[in-house]
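Here's the letter readout for the chains.
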Amino acid sequence: MTDASATAARRPGEQALTALGLGVPALDPADASPHTFPGGGRWRTEIPSCEGPEALAVVLKESSRLDVPIHRISQGSGVWMLTDAEITEMVDATAERDIELCLFTGPRGTWDIGGSTRTDSRGGGLRARGHDAVAGCVEDAVRATGLGVRCLLVADEGVLWTLHRARVAGIIPADTTLKVSALIGPVNPAAYAVYERLGADSLNVPSDLTLDHLTEIRRVSAAPMDMYIEAPDDLGGYVRMYEVAELIRRGAPLYLKFGLSKAPGIYPWGTHLRDVTLDTARERVRRGRLALDLLARHGADGDMAPLGSRLPGTLERFPAEA
């Protein structure tokens, strides 16, 4: 990747527009996030919706071919949709390349028998309905971490707090990281700070937040942020590729998450969805290459966190007695 110090950073179309008398005001240094990942770097990368060993193999092969660095690979259908052998294969393949593997925990309201998620209001969304659903999420967490997974994706505040308490109590490994799903992502600084204190190590905010919203969040929290640079259609279908440099400047420490719009939903995944799963997995990596090329052209591709880094640093927590 190009060293940002070798090429002066510029904004998209800056020189041409300035020559035409259409220059924009200078960036305000006060808007920039002061935070970084531990060990250095302001951004990491994530390839989502990697639903099993075969899709993972496609992602790893394509990332090598296109020279796309990957810090994290995540899955959306859930731990319970994978066999022990499949999980172990994915753990081994990602560990070999020093990539963090993140699997989704347990039952979710949108697959439950409850009818409220099928109303116009969508009810409680993905949140775990009742004690049994929480128990299923905890069961998934214990099983996955026992097989070597060290990042868990959650879509319920109660599950998040419960797994954080389980981490403190030693029920799951202390170095397990907890990632908040985009489907319950916080949309204001107060909510972001609460999720952090409930145990979140990485928070996926909605992709329609403005740049000013990111600055507001960064004034109250240093917890790593995830954002779809291209969001799936059921999350809005937004494509914010030309904003990547400014998203990093405002939102760091930031995971650049390479999603895909205009693609069929694949959750819960199974072999009946094999072809579309593999095709979309391959294209997500290509989208990552496009975003990284754009950063390089603008002299803004420096400050990537070291590959293999995964921990969030010291964060604020509510007291969590076991």
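Now for a quick tour of the structure. Within each chain, residue numbers correspond to sequence positions counted from 1 in written order. Given that the model is predicted, a residue must reach a pLDDT of at least 70 before its local features are reported, and side-chain atom pairs must reach 80 or more before they are shown or counted; all residues, however, enter totals for whole chains, interfaces and linings. Excluded from the side-chain calculations are hydrogens and water; all other atoms, namely the structure's heavy atoms, are used.

Digging into the overall build of the protein
Item 1. Secondary structure follows DSSP: runs of H or I at least 4 residues long count as helices, runs of E at least 2 residues long count as strands, and numbering of each begins at the N terminus. From N to C terminus, the protein includes nine helices and eight strands.
Item 2. Both definitions apply: the radius of gyration is a C-alpha atom measure, and the globule rule equals 2.2 Å times residues to the power 0.38. Its C-alpha atoms give the protein a radius of gyration of 19 Å, near enough to 20 Å, the size a compact globule of 322 residues would have.
Item 3. Each principal axis of the C-alpha atoms in the protein carries an extent, and together these give about 65 × 45 × 40 Å.
Item 4. A buried classification covers 51% of the 322 residues belonging to the protein.
Item 5. Carbon and sulfur atoms make up 55% of the accessible area of the protein, which amounts to about 14100 Å² in all.
Item 6. Note on charges: Lys and Arg go in the positive column, Asp and Glu in the negative column, and His and the chain ends are not counted at all. For this purpose, a charge sits on NZ of Lys, CZ of Arg, CG of Asp or CD of Glu. Charge-centre separation for the protein: the mean point of 35 positive side chains lies 2 Å from the mean point of 43 negative side chains. Residue burial is assigned from relative accessible area. The probe radius is 1.4 Å, only protein chains are included, and a residue is buried under 20% of its type maximum, exposed over 50%, and partly exposed in between. All accessible-area figures derive from a Shrake-Rupley calculation using a 1.4 Å probe, and residue coverage is judged against the displayed protein chains alone.

Brief notes about the nonpolar core
Item 1. In this structure, V59, I73, V149, L152, L160 and L256 are the most contacted members of the largest nonpolar core, which totals 66 residues.
Item 2. Per element, the largest residue contribution to this core is seven residues, and it comes from helix α9 (residues 274-297).
Item 3. The contact definition used throughout considers only heavy atoms, calling two residues in contact when any of these lie within 4.5 Å. Beyond its immediate stretch of four places on either side in the chain, L160 contacts V154, L178, V180, Y195, L198, G199 and A200. Only buried residues count toward a nonpolar core, which is a set of Ala, Val, Leu, Ile, Met, Phe, Trp, Tyr and Cys residues joined through side-chain atoms within 4.5 Å.

Remarks on the side chain of S33
Item 1. Positionally, S33 belongs in the loop between α1 (14-19) and β1 (43-47).
Item 2. Looking at S33, the relative accessible area reads 5%, which means it is buried.
Item 3. Definition of a polar contact: a pair of N or O atoms within 3.5 Å, with one able to donate and the other able to accept a hydrogen when the atoms are protein atoms, and with sequence-neighbouring residues admitted only if both atoms are side-chain atoms. A distance of 2.4 Å separates a polar atom in the side chain of S33 from the backbone oxygen of A252.
Item 4. Setting aside residues up to four positions removed in sequence, S33 forms contacts with R42, R218, R249, R250, G251 and A252.

So, the packing of aromatic side chains
Item 1. The rule is short: rings of Phe, Tyr and Trp, with Trp giving its six-membered ring, pair when the centres are within 6.5 Å, and they are stacked under 30 degrees, edge-to-face over 60, tilted in between. Tallied over the entire structure, the rule returns two aromatic pairs.
Item 2. Plain terms: the ring middles of F37 and Y255 are 5.5 Å apart, the flat faces sit at 80° to each other, and that makes the pair edge-to-face. A residue pair is termed long-range when its members are at least 10 positions apart, and F37 in the loop between α1 and β1 and Y255 in strand β8 (residues 254-258) qualify at 218 residues. Like F37, the residue Y255 is buried in the burial classification.

Points about unusual backbone geometry
Item 1. The step from A252 to P253 runs through a cis peptide bond, and the omega angle for that step is 0°.
Item 2. Position of P253 among the secondary structure elements: in the loop between α8 (244-251) and β8.
Item 3. Here the phi dihedral of S49 falls at roughly 60°; this positive angle occurs in a residue that is not glycine.
Item 4. Mapping S49 onto the fold places it in the loop between β1 and α2 (53-66).
Item 5. Phi at D303 takes a positive value of approximately 70°, unusual for a residue other than glycine.
Item 6. With respect to the element layout, D303 can be found in the segment after α9.
Item 7. A relative accessible area of 51% means that D303 is categorised as exposed.

Overview of the pattern of salt bridges
Item 1. When a carboxyl oxygen of Asp or Glu is within 4 Å of a side-chain nitrogen of Lys or Arg, the pair counts as a salt bridge. Within this structure, the stated rule accounts for 24 salt bridges.
Item 2. Two residues, R249 and E246, come together in a salt bridge whose shortest N-O distance is 2.8 Å. Residue R249 and its partner E246 are both found in helix α8; the two are separated by three residues, about one turn of the helix. Grouping residues by exposure puts R249 and E246 together as buried.
Item 3. A salt bridge links R250 to E246; its shortest N-O distance comes to 3.1 Å. With R250 and E246 both in helix α8 and four residues apart, the pair spans about one turn of that helix. Considered together, R250 and E246 belong to a single accessibility category, that of buried residues.
Item 4. Taken together, the shared-partner salt bridges connect E46, R72, E100, K179, D226, K257 and R310 into one network.

Points about a nonpolar patch on the surface
Item 1. A surface patch of nonpolar side chains, about 300 Å² in accessible area, is lined by L17, L20 and L22.
Item 2. Mapping L17 onto the fold places it in helix α1.
Item 3. The exposure class assigned to L17 is partly exposed, which follows from its relative accessible area of 35%. Residues with no salt bridge and a relative accessible area higher than 30% make up the patches, which join like charges within 9 Å and nonpolar side chains (Val, Leu, Ile, Met, Phe, Trp, Tyr) within 5 Å.

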